[in-house]
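Overview (structure and organization)
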Amino acid sequence: MAGLILVRFARKPLTKMVTVMLALSSIIYLDPIMGIGPFGTYVFAFCSVLASVESANSLNLKNYHKAFLIGTAVVIVLITVSEVLGFDEMIPKYIFGMLYLLGFGVLFLKSFKKIKSRLGILVVWSAEAIKWCAELLA
């Protein structure tokens with residue numbers, strides 16, 4: 001829901017559309033009524049790749065911002081593929097979650113103005129990282 005609220009910081013229409021798609025795809029997991037919950041992982045991975053490719057075309061972002069966004073999408077796709085193939089228990093996802101939250105915190109403190117337009121995307125990915133870190137407690 002925070003991603004939908006933070007979409008107002010995005011300047012370009014494509015960034016707004018990708019942020020809304022990513023936020024809605026993260027909500028698909030919670031759907032017990034229409035039966036589209038099992039497809040949530042695939043839609044979320046696709047929207048994550050779309051969000052990272054969209055940000056790679058930005059002239060405002062530095063190379064390390066782009067590398068962080070593309071790297072996050074690659075990790076999300078690899079974890080999604082591991083869940084589909086059935087060996088997700090062998091991958092400690094909490095390590096990736098902690099690394100993402102650390103990287104997001106550094107980017108947030110160091111260059112807030114540059115990442116402000118992608119804040120909705122980063123917050124949705126933060127929720128996913130917190131979900132991965134919750135495995136450590138379970």
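Now for a look at the structure at hand. (Residues numbered from 1 in each chain as written. Predicted model: local features only at pLDDT ≥ 70, side-chain atom pairs only at ≥ 80, totals over all residues. Heavy atoms only, no water.)

1. Re the packing of aromatic side chains
Centre distance and the angle of the planes are the two values used to describe a pair of aromatic rings. Counted only if it meets this: Centres within 6.5 Å make a pair out of two Phe, Tyr or Trp rings, where for Trp the six-membered ring is used; the pair is then stacked when the planes are under 30 degrees apart, edge-to-face when over 60, and tilted otherwise. Strands here mean DSSP runs of E at least two residues long; helices mean DSSP runs of H or I at least four residues long; both are numbered from the N terminus. Buried, partly exposed and exposed residues are distinguished by accessible area as a fraction of the type maximum, computed with a 1.4 Å probe on protein chains only: under 20%, between the cut-offs, and over 50%, respectively.
Taken as a whole and assessed by the stated rule, the structure comprises four aromatic pairs. Between F68 and Y100, the aromatic rings sit 5.2 Å apart at their centres with planes inclined by 15°, giving stacked as the arrangement. Of this pair, F68 sits in helix α4 (residues 63-85) while Y100 sits in helix α5 (residues 93-110), and the two are 32 residues apart along the sequence. The exposure class assigned to Y100 is buried, which follows from its relative accessible area of 6%.

2. Overview of α4
Short version of the rule: The span one expects for a helix is its residue count, reduced by one, times 1.5 Å. Two residues form a contact once any of their heavy atoms are found within 4.5 Å.
Counted at 1.5 Å a residue, the expected span for α4 with its 23 residues is 33 Å, and the 33 Å between its end C-alpha atoms agrees. For α4, every residue scored as buried is listed here: H65, K66, F68, L69, T72, A73, I76, I79, T80 and S82. Of the surrounding elements, those touching the buried residues of α4 are α3 (40-56), α5, α6 (112-115) and α7 (119-137). Just past α4, the residue G86 takes up positive phi, approximately 90°.

3. A short note on a positive patch on the surface
Note the following rule: In this scheme, patches are assembled from residues that exceed 30% relative accessible area and form no salt bridge. Like charges are connected within 9 Å, while nonpolar side chains (Val, Leu, Ile, Met, Phe, Trp, Tyr) are connected within 5 Å. Note on areas: Shrake-Rupley with a 1.4 Å probe; residue coverage comes only from the protein chains shown. Should a side-chain nitrogen of Lys or Arg be within 4 Å of a carboxyl oxygen of Asp or Glu, the pair is scored as a salt bridge. Under the convention used here, Asp and Glu are negative, Lys and Arg are positive, and both His and the chain ends fall outside the count. Taken as the charge location is NZ of Lys, CZ of Arg, CG of Asp or CD of Glu.
A grouping of R8, R11, K12, K113 and K116 is seen on the molecular surface, where their side chains present a positively charged patch. Among the secondary structure elements, K116 is positioned in the loop between α6 and α7. Taking relative accessible area as the criterion, K116 reaches 32% and is therefore assigned partly exposed.

4. Describing the packing of α4 against α7
Quick note on the threshold: Only C-alpha atoms enter the line fits that serve as axes; for helices the fit covers just the stretch in contact. Angles between N-to-C directions range over 0 to 180 degrees. Note that the term roughly parallel is reserved for angles under 35 degrees, roughly antiparallel for angles over 145, roughly perpendicular for angles of 65 to 115, and oblique for everything else. In this scheme the handedness of a crossing depends on how the near helix is turned from the far one: anticlockwise by less than a right angle means left-handed, clockwise means right-handed.
Running from amino to carboxyl end, α4 crosses α7 at an angle of 45°, the nearest separation of the two axes being 12 Å. Looking at the two axes, α4 sits oblique to α7. Where α4 crosses over α7, the handedness of that crossing is left-handed. Note on element contacts: α7 touches α4 through L122, W125 and W132, opposite F68, L69, T72, V75, I76 and I79.

5. Looking at the layout of surface pockets
For clarity, the threshold we go by: In this analysis, the protein atoms alone were mapped onto a 1 Å grid. Cavities are point sets where a 1.4 Å probe fits without being able to get out; pockets are open sets with protein on both sides within 12 Å along at least five of seven lines; lining residues have an atom within 4 Å of a point. Grid points are joined across faces, edges and corners, and a volume is the space filled by probe spheres set on the points. Residues are sorted three ways: Asp, Glu, Lys and Arg are charged, Ala, Val, Leu, Ile, Met, Phe, Trp, Tyr, Cys and Pro are nonpolar, and all the rest, Gly among them, are polar.
Taken as a whole, the largest pocket encloses approximately 230 Å³ of empty space. In this structure, the largest pocket is lined by 13 residues; those nearest its centre are M1, S26, I27, V124 and A127. Put simply, the parts of the chain that give the lining of the largest pocket at least two residues each are α1 (2-5), α2 (13-27) and α7. Broken down by element, the residue count for the lining of the largest pocket peaks at five residues, all from α7. A breakdown of the residues in the lining of the largest pocket according to their chemical character gives nine nonpolar, two polar and two charged.

6. Description of α7
Under the 1.5 Å per step criterion, the end-to-end length of α7 is 27 Å for 19 residues, consistent within 8% with the ideal 27 Å. Among the residues of α7, those classed as buried are L119, G120, I121, L122, V124, W125, S126, E128, A129, W132 and C133. The elements touched by buried residues of α7 are α1, α2, α3, α4, α5 and α6.

Geometry only, nothing functional implied.
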